[in-house]
Every structure is written in structure tokens, then in C-alpha cells.
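Coordinate inspection notes
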Amino acid sequence: MLAQRVARAVAAGLLRESLRQPLPAVRRRWSSSLPMNTVVLFVPQQEAWVVERMGRFHRILEPGLNFLIPLLDRIRYVQSLKEIVINVPEQSAVTLDNVTLQIDGVLYLRIMDPYKASYGVEDPEYAVTQLAQTTMRSELGKLSLDKVFRERESLNASIVDAINQASDFWGIRCLRYEIKDIHVPPRVKESMQMQVEAERRKRATVLESEGTRESDINVAEGRKQAQILASEAEKAEQINRAAGEASAVLMKAQSKAEAIRLLAAALGQQNGGAAASLSVAEQYVSAFSSLAKETNTVLLPSNTGDVASAVAQAMGIYSTLSRPQAAKSAETAAPPPHQAQQPPFSTEEPEPERAGAS
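The text that follows walks through the structure, step by step, so that each part is easy to find.

Criteria and cut-off values
Along every chain, residues carry numbers that run from 1 in the direction the sequence is written. Note on the predicted model: pLDDT of at least 70 is required for a residue's local features to be given, and 80 or more for side-chain atom pairs to be given and counted; whole-chain, interface and lining totals, by contrast, use all residues. Side-chain calculation: all heavy atoms of the structure are included, whereas hydrogens and water are not. Pairing between two strands is assigned when DSSP locates at least 2 bridges connecting them. Each helix is a run of H or I in the DSSP string that is no shorter than four residues. Each strand is a run of E no shorter than two, and both are numbered from the N terminus. Between N-to-C directions, angles span 0 to 180 degrees; the directions come from axes that are lines fitted to C-alpha atoms, helices contributing only their stretch in contact. Contact between two residues is taken to exist if any of their heavy atoms lie within 4.5 Å; hydrogens are not considered. Definition used in this section: a nonpolar core is a set of buried Ala, Val, Leu, Ile, Met, Phe, Trp, Tyr and Cys residues joined via side-chain atoms within 4.5 Å. Any residue under 20% of the maximum accessible area for its type is buried, any over 50% is exposed, and the rest in between are partly exposed; the area is computed with a 1.4 Å probe on protein chains only.

**Remarks on the sheet that holds strand β7 (residues 100-111)**
Strand order in the open sheet formed by three strands is β6-β7-β8, and the pairing between neighbours is antiparallel. A strand with exactly one partner marks an edge of an open sheet, and here the two such strands are β6 (84-94) and β8 (172-183). Along the sheet, successive strands turn relative to each other by an average axial angle of 25°, direction set aside. On top of the sheet, helix α4 (residues 124-140) reaches β6, β7 and β8; it is set at about 35° to β6, its chief contact. Each of β7 and β8 is contacted by helix α6 (residues 152-167), which is oriented at about 140° to β8, the strand it contacts most.

As C-alpha cells, this is what we get:
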């Protein structure tokens, strides 16, 4: 009996101590110090006071002046309608590629229905926090480590949708969820750092190779253009040289033709033969003056000193070459056969004999 009394006394003392301890700040947020029923009440803005009459829900007091019946009415819950920020504790989660992460977040929510928030769940904040943690683990299990860092926005949106689907019955709406920190194991972090360095080295090598390739292409293109320009310049030079040579040849031919025409006209004048003989004699003498200057082999005629014989021989060759041309000119100028007359008798001797006599 004594032992039972002592046990009861100890249990009663512990119960009193626990009742004396104030509730945590998290719990006081949802049901802070309840106001007393003073018949006339002033409800602050952005707050909802849930009133029970004789232990049953009666109504929700709106901001401003309100009246209650003493003893029968009791303010049971005080709900804040402002946006509430809740820190989600750090938790461990396993990704799709079996990497354990330590992750925490911040949850932003608002009470939309004070009645459901008061009677739909015992502790709304605890319920929402646990739901956020379980949803976070579930969503992280669907993603690999690389996608966790790249798809944080989609991950936050998925968590918000999952929380809203479950919290509709609690009168609470989750506005957004943000991931604060993601901690990876040290070895995984070192591996990620090595991967980043390898990727940077790869990019540097690729960029360097692309730069070398572009440089080689530019050099080859420059050489190609230089060769094309050089060939075009050479072609233009050859064309210009050929045009110049053709013009020179044409001018030489014209000059030679003009000289021949002038020479022929001079030979047809009086004393033209004597002038031709003099010119041949001068050329003969000048030819002997240039002997043995270009080569050691010299061919000389037997009568080198007989200038008159050489001049007569040259004039005979000229006469022989000019005779067919004169005959052709005579045939062209001759009348038709039925009008042809007997040419007069010529007493002149033939040209070869005259040449031989001379």
C-alpha cells in the first residue's frame, strides 16, 4: 500500500510539472493564449476565433466587434490567417542512384478554412511538416543525383502539389516549398569535383582542337587564294606578253612591208638599179667585217675580193625572182584571147644572156 501511494504521488508530481511547462512556440502559434469571454470582444485583423457553445462549434468571430454569452460561449481556437513560414528539419533521403543526401527546406502555407484547421487535424503544423518530409523522400527517390541539382524547381513544384492534395481536408493551402541546403557525402562530393574538373579539361581540349582546326583551315584557305591570285597574275602577264609580242610582230611586218614597198618604188625610178647595186656592195663589205666574231668556223667564197662579181650575182638573183611576178602581172592585165594582138617584135636580148654578158 505504501509503495502504491508513493508511485501515485510521484506520477501526480510529474503530471503537474509537465502541465506547468509552457508549450513550445510552434504549438502556441496555432492555439495561442486563448482570450477570456468578456461578453464584448474585439477580434484583431487577419485572425479567426472559433467559438464553441456548450462544447459544440457555434461560429467563427470576424475581425472587429463581437458579442458572446457568458458561461455558454467559449473561445476554443485562435487561428492566424497570415502566411506562415515553417522550417522543415533536415532529413536523409536516398536518390535513384543510391546516394544518401541530407536535405532541408522551408514551407510557406496559409489557413484557408479555420473550421477545418481547428477540427480536421490535431496539430496542423506537425502534420504538414511530416507530409513535406515524406513527400520529399518520395520525390528524391525518383531522381538521380545529377537531376536533383538541375531540377530543383520541378522538385519544389511536385512537393507543393502533393501537400495541397492532402491538406485540402485540413483547411490549409501550401503556397510554395523551397529547398534550403543539399548535403552530399564527402566521397561523393570529391567524385563530383573530379567530374567537373574532367569536364572542364575536356572542354578546354575540344576548344583547343577546334582552334587548331580553324587555324589550319584559314592557313590553307590563304594559300589557296594566294595560288589562285598568282596563277591569275601569271595568266594576265602571259596574255599581256603575247599581246605585246603579237603587236610587235605585226608592227615589224608592217614596217618591213612598208620598207619593201618603198624599196620597190625606189627601184622603179631612174637609176634604181645602180642604187640597189651600191646597197648590195655595202652589205657585202659589212658582212666581211663581222666574220669570225660569233664562231671560229668561217666559210668564204673562192673570189672573195671580186666585189663586182658578187654584186652582179645578187642582181641576177633579184632579176630571176622578179620575172615570175612581172609575168603574172602581165597576164592579169592582158586582154581576152579573141582581142589579143600579136606582140611587136622585140630586138632585146634575153635576160640570162645579158646578165652573162655583163
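Here the narrative resumes, following the displayed structure.
**Details of the nonpolar core**
Within the largest apolar cluster, 29 residues are counted, with the highest numbers of intra-cluster contacts made by Leu 107, Met 136, Ile 163 and Tyr 177. For this core, the secondary structure elements donating two or more residues are β6, β7, α4, α5 (145-150), α6 and β8. For this core, the leading source of residues is α4, giving six residues. If sequence neighbours within four positions are ignored, Tyr 177 has contacts with Val 88, Asp 104, Gly 105, Val 106, Leu 107, Ala 132, Met 136, Asn 156, Ile 159 and Val 160.

**What about the environment of Gln 45?**
Mapped onto the secondary structure, Gln 45 falls in the loop between β1 (40-43) and β2 (47-53). Along the sequence, Gln 45 and Lys 82 sit 37 residues apart, while their C-alpha atoms lie 9.6 Å from each other.

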